[in-house]
Amino acid sequence: MRLIKTVDAEGTVLCHDITQIIKGVTKDAVFCKGHVVTKEDIPILLSVGKDQLYVWEKEEGMLHENDAAEILCAMCLGEHMERSQAKEGKIELTAACDGLLKVHRKGLYAVNSFGQMMIAARHGNFAVKQGDKLAGTRIIPLVIEEEKMEAARQAAMEATGGREILELKPFAHKKVGIVTTGNEVFYGRIKDTFTPVIEDKLKAFDAEVIDHVIWNDDDKKVTASILSMIEKGADVVICTGGMSVDPDDKTPLAIKNTGAKIISYGAPVLPGAMFLLAYYTVEKAGEESRTVAVMGLPGCVMYAKRTIFDLVLPRVMADDEVTAEDLAGLGEGGLCLNCPVCTFPNCGFGKG
């Protein structure tokens, strides 16, 4: 690559796109990388402020911005993603289906810490829809050392264990059972306003409610219903109510008595501190084992716009195991500000 005066550029090959910006009218390339400059092009180039031009002159060991962007793209591009063509050294990735975006933070940091190159991604562990933008990649200069790009690739591979930095996990079809608890609902003293909230949130996913029961505060009945729903094929069982430390609230005991592995009773999220997550493993002779997510939802899910349930549900629906460490990490960003106009997930809630 060498720098020449534009008036002397006839017959040379552009090594990068030339962009024209007219406010409110256009922002696009008037000439693309590889274009052979003609005599008629020179006044146009001058009109967009290009008194000098970088023209292509291959140099050993150096990569053009578009070629380097391809390397960054390959570090990120996983299944169920689509990519744009390289333009001005930038490639964008979009979702090819609805799903849960996972971002390998250490891999992302490894690349971005090199300097002169960048990968900007949306926050991981949140739902995305088909067509949503996931990330953009580019290098900062027009050319970069091939050796540096290879070092970045190796660092990313080491950080991710050889996987792509981004992963899109499609949402799976889930059979759901709902166990509503509470004497006040069971005996008809008040209307059940909790279950409709759960059903409404499930509509955002490929969920099928296969069973729903209402019980009083009898942990044995709740335990039996959870196990019955699992036997019927439920992939997820959601228990509403009875989640506080009040002696009459026995839902945590009922879930524990199923034999499910309790991941956490409590989460550093407001609203949603009294949340319980457990996994029940179904093992039958001659069949592959399967895992059922069992959740105990605190009362705030019934009336608060966004809660811990909104952070965990997308992961459950994408078969993304949630660990105790994951829940503990929600403390930073775990405080919902109850904004007058809710913009979730385009806000800080759940983003540590």
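Refer to the structure above for everything that follows.
Calculation rules
- Residues numbered from 1 in each chain as written.
- Predicted model: local features only at pLDDT ≥ 70, side-chain atom pairs only at ≥ 80, totals over all residues.
- Heavy atoms only, no water.
- Phe/Tyr/Trp six-rings, centres within 6.5 Å; stacked < 30°, edge-to-face > 60°.
- Buried < 20%, exposed > 50% of the residue type's maximum accessible area, 1.4 Å probe, protein only.
- Lys NZ or Arg CZ within 6 Å of the ring centre and 35° of its normal.
- Helix = DSSP H or I, 4+ residues; strand = E, 2+ residues; numbered from the N terminus.
- Expected span 1.5 Å × (residues − 1).
- Contact = heavy atoms within 4.5 Å.
- Polar contact = N/O pair within 3.5 Å; in protein donor to acceptor, adjacent residues only side chain to side chain.
- Pairing = 2+ DSSP bridges.
- Axes fitted to C-alpha atoms, helices over the stretch in contact; angles between N-to-C directions.
- Parallel < 35°, antiparallel > 145°, perpendicular 65-115°, else oblique.
- Left-handed = near helix turned anticlockwise from the far one by under 90°.
- Nonpolar A, V, L, I, M, F, W, Y, C, P; charged D, E, K, R; others polar.
- Patch = residues over 30% accessible without salt bridge, like charges linked within 9 Å, V, L, I, M, F, W, Y side chains within 5 Å.
- Areas by Shrake-Rupley, 256 points an atom, 1.4 Å probe, with all protein chains shown as cover.
- Salt bridge = Lys/Arg side-chain N within 4 Å of Asp/Glu carboxyl O.

Chemist: Can you walk me through the packing of aromatic side chains in this structure?
Modeler: Each pair of aromatic rings is reported with the distance of its centres and the angle of its planes. Scanning all chains against the criterion turns up 5 aromatic pairs. Taking 5.0 Å as the distance between ring centres and 80 degrees as the angle between the ring planes, the aromatic pair formed by F186 and Y187 counts as edge-to-face. Using a relative accessible area of 31% as the deciding quantity, one classes F186 as partly exposed. Here the aromatic cluster, defined as three or more aromatic residues joined through ring pairs, consists of F126, F344 and F349. Over the face of the ring belonging to F126 we find K351, whose NZ or CZ atom lies 4.3 Å from the ring centre.

Chemist: What is the right way to read helix α7 (residues 219-231) from this model?
Modeler: Each full turn of the α-helix corresponds to 3.6 residues, which orients residues three or four apart in the same direction. Here α7 contains 13 residues, and its C-alpha end-to-end distance of 18 Å stays within 8% of the 18 Å for a straight helix at 1.5 Å per residue. Looking at the buried positions of α7, the neighbouring elements they touch are β14 (174-181), β15 (207-215), β16 (236-240), α8 (251-256), β18 (276-282) and β19 (290-297). The distance from a side-chain oxygen at the start of α7 to the backbone nitrogen of K220 is 3.0 Å, and the residue carrying that oxygen is D218.

Chemist: Please explain the sheet that holds strand β9 (residues 117-121) as it appears in this structure.
Modeler: Strands belonging to one sheet form pairs held by backbone hydrogen bonds; the direction of such a pair is parallel or antiparallel. In space, the 4 strands of this open sheet follow the order β6-β7-β11-β9, with antiparallel pairing throughout. Two strands in the sheet have a free side with no partner beyond their single neighbour: β6 (81-83) and β9. Across the sheet, the axes of successive neighbouring strands diverge by a mean angle of 15 degrees, strand direction being ignored. As defined by bridge partners, β6 adjoins strand β7 (residues 90-95) across 3 bridges and the pair is classed as antiparallel. Note that in β7 the partner of R83 across the bridge is L93.

Chemist: Help me understand the side chain of T12 in this model?
Modeler: Tracing the chain through its elements places T12 in the loop between β1 (2-5) and β2 (18-22). Residue classification places T12 among the buried residues on the basis of a relative accessible area of 13%. A distance of 2.6 Å separates a polar atom in the side chain of T12 from the backbone oxygen of A9. Those residues within four positions of T12 in sequence are excluded, and the remaining contacts are I4, H35, V36, V37 and V55.

Chemist: I tried to follow the packing of helix α6 (residues 194-202) against helix α10 (residues 308-317) on my own but got confused; where do I start?
Modeler: The geometry of α6 relative to α10 is characterised by a closest axis approach of 11 Å and an angle of 45 degrees between their N-to-C directions. When the interaxial angle is binned, α6 and α10 end up oblique. Read as a crossing pair, α6 and α10 show a hand that is right-handed. Contacts from I198, K201 and L202 of α6 reach α10 at F309, D310 and L313. Classifying every residue of the contact of α6 with α10 gives 4 nonpolar, no polar and 2 charged.

Chemist: I'm lost on unusual backbone geometry in this one. Help?
Modeler: Note on backbone geometry: most residues besides glycine have negative phi, and most peptide bonds are trans. Following L270, the chain continues into P271 via a peptide bond in cis, with omega recorded as 0 degrees. Looking at the secondary structure, you find P271 in the loop between β17 (261-265) and β18. Look at the link from F344 to P345: it is a cis peptide, with omega at 10 degrees. For P345, the position within the fold is in the segment after α11 (324-328). Backbone geometry at D319 places phi at a positive 55 degrees, although glycine is not the residue there. Looking at the secondary structure, you find D319 in the loop between α10 and α11.

Chemist: Teacher, can you tell me more about the pairing of β18 here?
Modeler: Strand residues, when the strand is regular, have side chains that alternate between the two faces of the sheet. Across the 7 residues of β18, 5 count as buried, placing the element largely inside the fold. Of the pairings in the sheet, the one linking β17 to β18 comprises 4 bridges and is antiparallel in character. Note that in β18 the partner of Y265 across the bridge is L276. Direction of pairing for β18 relative to β19: antiparallel, over a ladder of 7 bridges. Looking across to β19, one finds that L277 is bridged to M295.

Chemist: When you look at a nonpolar patch on the surface in this model, what are you seeing that I'm missing?
Modeler: Taken together, the side chains of V13, V36 and W56 make up a nonpolar region of the molecular surface, amounting to roughly 230 Å² of accessible area. The residue V36 is located in the loop between β3 (26-31) and α1 (41-47) in this model. Classification of V36 by relative accessible area gives partly exposed; the value is 42%.

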